[in-house]
Amino acid sequence: MAKERLRPPVFKPYAQHQGMLLPPTYDELIPGNHPVRIINQVIDSLDIDPLLANYKGGGSSSYHPRMLLKAIIYAYVTNIYSSRKMEEACRFHIPFLWLTGAQTPDHNTLNRFRSQRLQGVLREVFTQVVHLLAQEGLLSLKEVYTDGTKMEANANRYTFVWGNAIKTNKEKMAAQLKELWQYAQSVAKEEMGDDEPTDFTTLSPEKVKQTVEQIDQALKASGKASTKMKAKATYAKKHWPDNLTKYEQQEQILDGRASYSKTDTDATFMRMKEDHMKNGQLKAGYNVQISASRQFVVAYSIHPNPTDTLTLAPHLEQFEKDHGFLPDVLTADAGYGSEQNYELLEQKGIEAYVKYNYFDKDQSSSERNKRPFTQDQLYYNEDKDCFICPMGQPMERVGEIRKKTGSGFEQRLVKYRAKNCAGCAMRGLCFKGSGNRSIEVNHNLNRHKELARQRLCSEQGIAHRKRRCYEAEPVFGNMKWNHGLRRFLLRGKEKVEIEFGLWAIAQNLRKKAA
């Protein structure tokens, strides 16, 4: 044993500067089952004529777009998203050197290709990849599972514009303008003349400028005006027209949204699940919607809406635009369970497995017993078109209400009222308002809910509900937690669509390679 311990260690030969008579090619250094070979094979099979059309003739030669597309997609597959790190990988990483043919595009070329050349083209590339995977039987375009998530934009968290703030400032401006006008009329009536602005509630920069100049001249000409009011009129003349112009421009950018970020005007402030400060801070972001099949992304869309309810219609429109048809079956969670969405899915002929808000609670008898007097627990006599109250008395129809939602969808509600609730033994439990109890019922929504309940509780519906949990949600989980998609790098909706499209292609090709 002692002699064995005295033996010197033996090392493999190490000759760093030893030349090779027949150096290996890059192809020989890459295993046959390496993911880079899948990326190369798939991209080579795509039609990139729309991408080639983005290049104009003349000037110096350009890197081939197919090579750049391969390099960027493989970078996303391997968790490289910075253009500078892509440049470094193209110089030193063997798979990249094999993909690019040892060409080394710099970070400006790669970033320009990603943010400019791929605009309006990448979605077609994504669609071709999806159809290729569908032909191989890896996914289905007929049965899809839709879900959404909020992702933070590449925007400053503290430079924002709020729609309510603009509205408040314009109301304050109108009130102060009216106050100035009334003061000028009281101290300088002759200088003001008999002109009276018809309406201070609707303001325009031209109207404000004209009115404030008239007030300012009248106060300066009058000897009775106070110094404070003269200064206020001078300030208004200098700032208000420009401020109102700025407000109008901001309202155009908002386009019905509640807020936007000054550094990425397409991003809307919304609550994120990743709340590191634990204070519910709003962050500029986008609502990303996907339809998935077997954890492959088959369609995606980007929205400014903080909630999922209003995203389904444009998402299905994008699905049809990409693939030329709509899915036969769609499964989604309760975030999409609105009357508008149920109506849309019915009109499109899509078999929908979509929960409504209280579906899970309705499955529990203990939960239903906690609210025995709510509207949905009352018996409805369809023949007589009346509800029966807990005491057995009819609640007759007394009117109809039509109202529009924020998205412009018209709802029809029917109003029913009990005849005599005075002295009822159950009045304190049934309702606590004054007078006779009245309810507003949306029969169309109730019809959709009943159809949804029947589908969801069927054997096929239970299978779809189980599959939804491991179809769409793991895609976001994989992207966010395993591959670092926490925040977009590019700014503007068009570029964000490109960036997420690259993420979706990378997700699909990773899944295929696995």
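Residues numbered from 1 in each chain as written. Predicted model: local features only at pLDDT ≥ 70, side-chain atom pairs only at ≥ 80, totals over all residues. Heavy atoms only, no water.

Across its full length, the chain carries 22 helices and 13 strands. Computed over the C-alpha atoms, the radius of gyration of the chain is 33 Å, more than 25% above the 24 Å expected from 2.2 N^0.38 for a compact globule of 514 residues. Principal-axis analysis of the C-alpha atoms gives the chain an extent of 105 × 75 × 65 Å. Out of the 514 residues in the chain, the part that is buried amounts to 42%. Nonlocal contacts in the chain, meaning residues at least 24 apart in sequence, comprise 64% of its contacts between residues at least 6 apart. For the chain, the distance from the average site of its 76 positive side-chain charges to the average site of its 61 negative ones is 6 Å. (Helix = DSSP H or I, 4+ residues; strand = E, 2+ residues; numbered from the N terminus. Rg over C-alpha atoms; globule rule 2.2 N^0.38 Å. Buried < 20%, exposed > 50% of the residue type's maximum accessible area, 1.4 Å probe, protein only. Contact = heavy atoms within 4.5 Å. Lys, Arg positive; Asp, Glu negative; His and termini not counted. Charge placed at Lys NZ, Arg CZ, Asp CG, Glu CD.)

Once that is clear, we can look at the layout of surface pockets. Empty space within the largest pocket amounts to approximately 920 Å³. Gln 375, Asp 376, Leu 445, Asn 446 and Lys 449 are, among the 34 residues lining the largest pocket, the residues nearest its centre. Take the lining of the largest pocket: its biggest share by element is seven residues, from helix α19 (residues 443-457). Here the residues of the lining of the largest pocket are counted per class, giving 10 nonpolar, 13 polar and 11 charged. The volume enclosed by the second largest pocket comes to roughly 440 Å³. Together, 24 residues line the second largest pocket, and Asp 255, Gly 256, Arg 257, Pro 304 and Asn 305 are the ones closest to its centre. Breaking the lining of the second largest pocket down by element, the ones donating at least two residues are α13 (227-254), β6 (296-303), α14 (312-323) and α15 (339-348). Broken down by class, the residue content of the lining of the second largest pocket amounts to 10 nonpolar, 10 polar and four charged. (1 Å grid on protein atoms, 1.4 Å probe; cavity = no way out; pocket = protein on both sides within 12 Å on 5 of 7 lines; lining within 4 Å. Points joined across faces, edges and corners; volume = space filled by probe spheres on them. Nonpolar A, V, L, I, M, F, W, Y, C, P; charged D, E, K, R; others polar.)

So, about the packing of helix α5 (residues 65-77) against helix α22 (residues 493-513). Running from amino to carboxyl end, α5 crosses α22 at an angle of 70°, the nearest separation of the two axes being 8 Å. Overall, the two elements α5 and α22 adopt an arrangement that is roughly perpendicular. Across the interface between the two elements, Ile 72, Ile 73, Tyr 76 and Val 77 of α5 pack against Glu 499, Leu 502, Trp 503, Ile 505, Ala 506, Leu 509 and Arg 510 of α22. Broken down by class, the residue content of the contact of α5 with α22 amounts to nine nonpolar, no polar and two charged. (Axes fitted to C-alpha atoms, helices over the stretch in contact; angles between N-to-C directions. Parallel < 35°, antiparallel > 145°, perpendicular 65-115°, else oblique.)

Structurally, the position occupied by Ser 293 is in strand β5 (residues 282-293). In this structure the side chain of Ser 293 is engaged in a polar contact, spanning 2.9 Å, whose partner is the backbone nitrogen of Ser 140. Setting aside residues up to four positions removed in sequence, Ser 293 forms contacts with Leu 139, Ser 140, Glu 143, Val 298 and Glu 471. (Polar contact = N/O pair within 3.5 Å; in protein donor to acceptor, adjacent residues only side chain to side chain.)

Across all of its chains, the model carries 14 aromatic pairs by this definition. Ring plane angle 40° and centroid distance 5.7 Å describe the contact between Trp 162 and Phe 269, whose orientation is recorded as tilted. Placement of Trp 162 in strand β2 (residues 160-162) and of Phe 269 in strand β4 (residues 268-271) is noted, with a sequence separation of 107 residues between them. Judged by its relative accessible area of 30%, Trp 162 falls in the partly exposed class. We classify Phe 269 as buried; its relative accessible area is 5%. Look at Tyr 300 and Phe 500: their rings are 5.7 Å apart centre to centre, the planes differ by 55°, and that puts the pair in the tilted class. In this pair, Tyr 300 sits in strand β6 while Phe 500 sits in helix α22, placing the two residues 200 residues apart along the sequence. (Phe/Tyr/Trp six-rings, centres within 6.5 Å; stacked < 30°, edge-to-face > 60°.)

Before going further, it helps to examine helix α20 (residues 459-468). Taken as a whole, α20 has its buried residues at Gly 461, His 464 and Arg 468. Taken around the axis of α20, the buried residues stretch over an arc of 60°, which confines them to a single face. Those residues of α20 that are exposed and angled more than 90 degrees off the buried face are Glu 459 and Lys 466. Buried residues in α20 make contact with β1 (143-152), β7 (329-332), β8 (351-354), α19 and α21 (473-482). (Arc of directions from axis to C-beta.)

Let us look at the environment of Asp 328. Structurally, the position occupied by Asp 328 is in the loop between α14 and β7. Linking Asp 328 and Phe 431, residues 103 residues apart in sequence, is a C-alpha distance of 44 Å. If sequence neighbours within four positions are ignored, Asp 328 has contacts with Lys 142, Gly 349, Ile 350 and Glu 351.

What follows deals with the pairing of β8. As judged from the four bridges shared by β7 and β8, these two strands associate in the parallel manner. Following the sheet pairing, Thr 331 is matched in β8 by Tyr 353. Crossover handedness for the path β7 to α15 to β8: right-handed. (Pairing = 2+ DSSP bridges. Right-handed = clockwise from strand over helix to strand, strands pointing away.)

Pairs may arise between side chains of opposite charge once their charged atoms sit close together. Applying the stated criterion across every chain yields a total of 24 salt bridges. Between Lys 512 and Glu 136 there is a salt bridge; the shortest N-O distance is 2.7 Å. In this pair, Lys 512 sits in helix α22 while Glu 136 sits in the loop between α9 (122-135) and β1, placing the two residues 376 residues apart along the sequence. Classification of Glu 136 by relative accessible area gives partly exposed; the value is 41%. Between Arg 468 and Glu 473 there is a salt bridge, with its nearest N and O atoms 3.1 Å apart. Accessibility expressed as a relative area gives 12% for Arg 468, which makes it buried. It is possible to trace a salt-bridge network through shared partners that takes in Asp 385, Arg 397, Glu 400, Arg 402, Glu 410 and Arg 412. (Salt bridge = Lys/Arg side-chain N within 4 Å of Asp/Glu carboxyl O.)

If you trace the backbone, Cys 386 turns up in strand β10 (residues 386-388). Among the residues examined, Cys 386 registers a relative accessible area of 6% and is labelled buried. As a C-alpha pair, Cys 386 and Glu 396 span 10 residues in sequence and 5.0 Å in three-dimensional space. If we skip the residues at most four places from it in the chain, Cys 386 touches Tyr 379, Tyr 380, Asn 381, Pro 394, Met 395, Glu 396 and Tyr 416.

Okay, the state of the cysteines next. For the coordinates displayed, the defined rule picks out zero disulfides. Cys 424 supplies the cysteine sulfur nearest to Cys 389, a cysteine that is in no disulfide, at a spacing of 6.2 Å. Residue class for Cys 389 comes out buried when judged on its relative accessible area of 16%. Between Cys 469, a cysteine without a disulfide, and Cys 457, which holds the nearest cysteine sulfur, the sulfur-to-sulfur distance is 15 Å. (Disulfide = S-S within 2.5 Å.)

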